[in-house]
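Working through the structure, step by step
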Amino acid sequence: FERTAWASSMPCASTRCRSNAGRVSGGNSLQVSAERVSSSPKSPAARLAMGNIRNAITATAARHGGDLLRSGFSVSQVVHDYGDICQAITALAVEQQAPITVDEFHTLNRCLDTAIAEAVTEHARLTAHQRSAEEAERLGDAAHELRDNLNTALLSFHALKTGTVAINGSTG
């Protein structure tokens with residue numbers, strides 16, 4: 001995944017996104033209302049919808065974190081990628097003159113925080129797995145070398161023990 005032109009030219013995302021909250025507050029403009037994505041939904045249907053949204057965010061963010069790792073991104077770049085998403089959303093809202101309420105912005109930040117946590121967790125999990133696989137391969141190579149040297153020592157010992165080769169002979 002390459003960063004888009006707008007993302008790579010933006011300054012630090014985390015502070016600029018949170019600073020936009022005051023500039024873009026206003027009416028009810030996001031498709032998903034604050035009530036539907038609130039942290040404590042009242043009805044069973046709302047709780048189910050919230051769970052589905054969290055599951056979708058979790059799965060997508062984990063996949064994205066893995067994709068970014070495979071593309072060579074660091075953990076820092078993964079986090080900043082989500083800051084760029086926040087900046088793009090708030091910039092688009094300002095450009096479209098579509099105000100975002102404080103509650104909607106808080107919901108956006110909670111969703112992004114969840115996504116960041118999942119993406120970073122997956123990035124770290126895959127990094128640890130990769131390191132573990134590399135360590136296992138390294139240990140396998142070392143065991144192979146040790147087995148070769150041990151086999152040579154056993155063959156030499158057997159030759160000496162059977163008298164095929166003398167200890168002080170021309171080969172010793």
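Before any of the text, the structure's been laid out above.
Thresholds, definitions, all that
- Residues numbered from 1 in each chain as written.
- Predicted model: local features only at pLDDT ≥ 70, side-chain atom pairs only at ≥ 80, totals over all residues.
- Heavy atoms only, no water.
- Axes fitted to C-alpha atoms, helices over the stretch in contact; angles between N-to-C directions.
- Helix = DSSP H or I, 4+ residues; strand = E, 2+ residues; numbered from the N terminus.
- Parallel < 35°, antiparallel > 145°, perpendicular 65-115°, else oblique.
- Left-handed = near helix turned anticlockwise from the far one by under 90°.
- Contact = heavy atoms within 4.5 Å.
- Nonpolar A, V, L, I, M, F, W, Y, C, P; charged D, E, K, R; others polar.
- Patch = residues over 30% accessible without salt bridge, like charges linked within 9 Å, V, L, I, M, F, W, Y side chains within 5 Å.
- Areas by Shrake-Rupley, 256 points an atom, 1.4 Å probe, with all protein chains shown as cover.
- Salt bridge = Lys/Arg side-chain N within 4 Å of Asp/Glu carboxyl O.
- Lys, Arg positive; Asp, Glu negative; His and termini not counted.
- Charge placed at Lys NZ, Arg CZ, Asp CG, Glu CD.
- Buried < 20%, exposed > 50% of the residue type's maximum accessible area, 1.4 Å probe, protein only.

What to know about the packing of helix α4 (residues 75-95) against helix α5 (residues 102-162)
Where α4 meets α5, the axes come as close as 9 Å, and the angle between the chain directions of the two elements is 160°. Regarding the angle of α4 to α5, the classification is roughly antiparallel. Judged by the sense of rotation from one axis to the other, the crossing of α4 with α5 is right-handed. Residues V75, V78, V79, Y82, I85, C86, I89 and T90 of α4 lie in contact with α5, whose contacting residues are F105, L108, N109, L112, A115, I116, A119, V120 and H123. Class assignment for the residues of the contact of α4 with α5 results in 14 nonpolar, 3 polar and no charged.

Some points on a negative patch on the surface
On the surface, E134, E137, D141, E145 and D148 cluster together into a patch of negative charge. Within the element layout of this structure, E134 appears in helix α5. For E134, a relative accessible area of 45% translates into the label partly exposed.

A word on the environment of L108
Inspection of the secondary structure puts L108 in helix α5. Between the C-alpha atom of L108 and that of I89, which follows or precedes it by 19 residues, the distance is 9.3 Å. Residues contacting L108, with those up to four places away along its chain left out, are C86 and I89.

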